[in-house]
Amino acid sequence: PLLDGQMAQVMRLGTLEVDSIVGCREHLFTHIETNDDYVFISCHGRDVRLPRHAEESVRYVLATPRFRVGDIAGDLDDAGKLVLVRKLILEGMARFVD
């Protein structure tokens with residue numbers, strides 16, 4: 001794990017639901033680029049590629065310290081929101097908020 005407490009966050013992924021409260025990690029330095037097909041996120045020396053239609057949701061998650069998964073902005077359905085948050089927690093860019 002690159003971040004303090006990251007393994008504990010990953011271990012909680014099995015409990016992730018649309019009503020879970022999560023948020024972006026504090027003090028993130030991210031760089032976001034897009035092309036016609038993808039949104040690319042660089043953070044912590046890692047590069048993540050997601051479908052372009054998730055861009056609004058990605059920007060919301062990376063800018064919001066506390067939110068309910070089901071309330072993520074953008075056009076993703078609940079299943080897509082869960083996939084996005086799960087990926088960003090695995091990459092250390094989002095976290096469960098207690």
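These lines cover the structure that appears in this document, whether it is placed above or below. (Residues numbered from 1 in each chain as written. Predicted model: local features only at pLDDT ≥ 70, side-chain atom pairs only at ≥ 80, totals over all residues. Heavy atoms only, no water.)

Let us now look at the overall build of the protein chain. Within the protein chain, the regular secondary structure consists of three helices and six strands. Scaling as 2.2 N^0.38, a compact globule of 98 residues should have a C-alpha radius of gyration of about 13 Å, and the protein chain matches this with 12 Å. Counting only C-alpha atoms and orienting by the principal axes, one finds that the protein chain spans roughly 35 × 30 × 20 Å. The buried share of the protein chain, taken over its 98 residues, is 41%. Of the contacts made within the protein chain by residues no fewer than 6 positions apart, 57% connect residues no fewer than 24 positions apart. Of the roughly 5,700 Å² that the protein chain leaves accessible, carbon and sulfur atoms contribute 49%. Taken together, the 12 basic and 16 acidic charged side chains of the protein chain have centroids lying 4 Å from each other. (Helix = DSSP H or I, 4+ residues; strand = E, 2+ residues; numbered from the N terminus. Rg over C-alpha atoms; globule rule 2.2 N^0.38 Å. Buried < 20%, exposed > 50% of the residue type's maximum accessible area, 1.4 Å probe, protein only. Contact = heavy atoms within 4.5 Å. Areas by Shrake-Rupley, 256 points an atom, 1.4 Å probe, with all protein chains shown as cover. Lys, Arg positive; Asp, Glu negative; His and termini not counted. Charge placed at Lys NZ, Arg CZ, Asp CG, Glu CD.)

The three strands lie next to each other as E5-E1-E6, forming an open sheet whose pairing is antiparallel. Only two strands of the sheet have a single neighbouring strand rather than two, namely strand E5 (67–68) and strand E6 (94–96). The sheet contact formed by strand E1 (residues 21–24) and E6 spans three bridges and is antiparallel. If you follow Cys24 over to E6, its bridge partner there is Ala94. (Pairing = 2+ DSSP bridges.)

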